[in-house]
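Structural features, examined
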Amino acid sequence: MVIVPFILLACAYFGCAYITKYHRCSGKYAGWDGEDTFEKCYFFSTTNSSLEAAEAACKNRSAFLAEPLTKIYSNLLQRLCWRNHQNDPVFRIGLNDIDNEGQFWFPRAQQHANYTFWLPRRGSPNTDDKDCVALSKSLSYYWSVTACDTPKPYICEAVVDNEVDECVPSPCENGSTCDDAPDSPWRCTCRPGYTGERCEFLLPEGPSHNCPLYVTEGADLTCNCTTTEYGQPAATMCWTSPVLKTSPCTLLSVPAVRRTISGKRYECRQTWNREGFAPQVNTVGYTLLVAYGPTHADTYITGPRTTDPEPLGLKCFSTDTVPDPEVQWSGVSCEEGNNTGTCTFTPNGTDWEVNCTLRNPVSGQTSSAVFYSASRDGSVTDNDRGRVERNNVEVVAVTAGSLVLFLLIGAAAYVLCWDCCHELAVRYMRRKATRNTRNERVRTSEHVGAVQREPGTRNNEGVVSGSSGQANLVSAGYGSAVADTCVMPDDRIAIDTSVDDALAVETAV
């Protein structure tokens, strides 16, 4: 009997306490429920909505789906339900285990529930197909599970005291900045390289490569696609255009490059996947350029084509060089274009020589050409190789390679033809000497034969007859000298015949 007054007194005290704490919010949240000590206002909907629709509806009211982060706030919601909303059987709140079954999560605050508010002695009634939490009247407005897509009434929550600093302590991570937001208690401004509502995810750095700008023709290309930060979770990278059959696929390897593939395009792709985020793709490209040449230097004379002392322009270039060659002039100080392909200078005198050297800046390969002058008469000429005559001074541009080639061909022809030409000359002289000797002998033989065949010779007396094959000349009119010369013994005739035979043999040979 003594205890009853104390119980009644306690009930009266707590009842009055609840009445004094409860209030209706005003201003922006007029008509919402709250209690003075919590400085929060709650909106209890009378329409049924799914989880996604309920979150959108609360956001439109500059609030969020209620998240009782501590047990004190769950007790507050329970009291407000009993006080003003007993006719509503259930209210959805912002708590679910969609990501990890059995681990309940406040998505806006990005934290797990560190307490439970299930009906005492009953535990969690968790099932796989029911991942959202509601306050159910059948369970005295303790937590109960419900399907997220099943329409239910819901509770929106708003902070009404602007002096409350939701950023203390800061919910933001990785050195990000926490600020008050008009539509939520706080907002994180992430440092570069981080993302997420609380800046909890590290983004990867974009891909890069260490491939050279130019590769010398015939050399091997080997380079890699890489990054300074792969992120969390780690991003994947690969050369994808064209697809390379290399391991790892971040390696770009092209053996013995040729100029025919110069300009070929390669692309390295980086992909970062994070659950709940759209895939982030970054790419970096590489264009293969092949360096080659120069094999020879081309030259010509540029204007003006007037008389001295007007300046003269010389052009030195190459059509088979990548990248553009470096040009060096020597033998003259160019008035313009000392390190370019054109040299302008004023000739000093009639004899001069200018050299130009083309050098590939990547491979170091070089080729040279020479311009020189020579005095000559004639009219002005100008051909493709750059020849021009000015005041009897002919400027000729000749490549050193062409001059050397001409000398080599002449020397080879001299060596190869010497023996042959000498042999032909000897044979010609022999035949000529043989022919002259033979002609002389033939004339002599004909003369002797004519004398032997003559049957008689007329003398003073009118007739002379020959006998024994010999001519007996009795002269009054032919003298002894004639007889001595024309009458020859038989052995002399035989000798002459043998000489003719020898000449015939020599001629045949």
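Residues numbered from 1 in each chain as written. Predicted model: local features only at pLDDT ≥ 70, side-chain atom pairs only at ≥ 80, totals over all residues. Heavy atoms only, no water.

With an unreviewed UniProt entry as reference, the chain is termed C-type lectin, source organism Batillaria attramentaria. Quoted verbatim from the Subcellular location (unreviewed entry) field of UniProt, the annotation for the chain is "Secreted". (UniProt positions renumbered as here; feature names shortened; annotations may be inferred.)

**Some points on the nonpolar core**
The nonpolar side chains of a soluble globular protein tend to be buried, and buried together. Core analysis: the largest hydrophobic core is formed by 26 residues, its most contacted members being Tyr 42, Ile 93, Leu 135, Trp 143 and Ile 155. Breaking this core down by element, the ones donating at least two residues are β3 (40-44), α3 (71-84), β5 (90-96), β8 (132-136) and β9 (142-146). At 4 residues, the largest contribution of residues to this core is made by α3. In this structure Ile 155 touches Tyr 42, Phe 43, Phe 44, Cys 58, Phe 64, Leu 65, Ala 66, Leu 77, Phe 91, Arg 92, Ile 93 and Leu 135, once residues within four positions along its chain are discounted. One finds Cys 211, Leu 252, Val 257 and Val 284 within the second-largest nonpolar core, a separate group that totals 18 residues. (Core = buried A, V, L, I, M, F, W, Y, C linked by side-chain atoms within 4.5 Å. Buried < 20%, exposed > 50% of the residue type's maximum accessible area, 1.4 Å probe, protein only. Helix = DSSP H or I, 4+ residues; strand = E, 2+ residues; numbered from the N terminus. Contact = heavy atoms within 4.5 Å.)

**Details of the state of the cysteines**
Note on terminology: a disulfide is the covalent bond linking the sulfur atoms of two cysteines. If you walk through the whole model with that rule in mind, you get 10 disulfides. Here Cys 25 connects covalently by a disulfide to Cys 41, the sulfurs 1.8 Å from one another. Disulfide Cys 25-Cys 41: torsion about the S-S bond near -110°, hence left-handed. Here Cys 25 is found in the loop between β1 (22-24) and β2 (33-35), whereas its partner Cys 41 is found in strand β3, with 16 residues between them in sequence. (Disulfide = S-S within 2.5 Å.)

**Remarks on the sheet that holds strand β16 (residues 214-216)**
Spatially, 4 strands are ordered β16-β21-β20-β18 in an open sheet, and the strand pairing comes out mixed. The open sheet has two free edges, formed respectively by β16 and β18 (236-241), since each of these has just one partner strand. Across the sheet, the axes of successive neighbouring strands diverge by a mean angle of 30°, strand direction being ignored. Sheet topology note: the strand β20 (residues 264-272)/strand β21 (residues 280-291) ladder contains 9 bridges and is antiparallel. Along β21, the bridge assignment pairs Arg 265 with Thr 287. (Pairing = 2+ DSSP bridges. Axes fitted to C-alpha atoms, helices over the stretch in contact; angles between N-to-C directions.)

**Some remarks on unusual backbone geometry**
Geometrically, the link from Gly 293 to Pro 294 is a cis peptide bond, its omega value of 0° lying close to zero. Inspection of the secondary structure assignment puts Pro 294 in the loop between β21 and β22 (298-302). Here Val 322 and Pro 323 are connected by a cis peptide whose omega angle stands at -5°. Of note, the phi angle at Ser 62 is positive, near 60°, even though the residue is not glycine. Residue position: Ser 62 is located in the loop between α2 (51-60) and β4 (64-65). Residue classification places Ser 62 among the partly exposed residues on the basis of a relative accessible area of 23%.

**Re the sheet that holds strand β15 (residues 208-209)**
With antiparallel pairing, 3 strands are arranged side by side in an open sheet as β15-β17-β19. Of all the strands in the sheet, just β15 and β19 (251-254) have a single pairing partner and so form its edges. Inspection of the sheet shows β15 paired to strand β17 (residues 221-226) by 2 bridges, in the antiparallel sense. Across the sheet, the residue bridging to His 209 is Cys 225, located in β17.

**What to know about the layout of surface pockets**
Its boundaries defined by the atoms lining it, the largest pocket holds a volume of some 560 Å³. Residue lining of the largest pocket: 20 residues in total, with Asp 99, Trp 105, Gln 110, Phe 201 and Glu 275 positioned closest to the centre. Tallied by class, the residues present in the lining of the largest pocket amount to 6 nonpolar, 7 polar and 7 charged. (1 Å grid on protein atoms, 1.4 Å probe; cavity = no way out; pocket = protein on both sides within 12 Å on 5 of 7 lines; lining within 4 Å. Points joined across faces, edges and corners; volume = space filled by probe spheres on them. Nonpolar A, V, L, I, M, F, W, Y, C, P; charged D, E, K, R; others polar.)

**Concerning α3**
The terminal C-alpha atoms of α3 lie 20 Å apart, and with 14 residues this matches the ideal 20 Å at 1.5 Å per residue to within 8%. Buried within α3 we find Ser 74, Leu 76, Leu 77, Gln 78, Leu 80 and Cys 81. (Expected span 1.5 Å × (residues − 1).)

**As for the confidence of the model for the chain**
A low pLDDT score tells you not to read the predicted coordinates there in detail. For the chain, the average pLDDT comes to 74, and 70% of its residues sit at 70 or higher. Predicted confidence is poor over residues 4-20, with pLDDT under 50, and the contacts of this stretch with residues over four places away or in other chains come to 3 contacts. (pLDDT = per-residue confidence, 0-100.)

**Notes on α2**
Those residues of α2 not exposed but buried are Leu 51, Ala 54, Ala 57 and Cys 58. An end-on view of α2 places all buried positions within 125° of arc, on one side of the element. Across α2 from its buried face, at more than 90 degrees, point the exposed residues Glu 52, Lys 59 and Asn 60. If you follow the buried residues of α2, they end up packed against β4, β5, β8 and β10 (155-159). At the exit of α2 stands Ser 62, carrying a positive phi of roughly 60°. (Arc of directions from axis to C-beta.)

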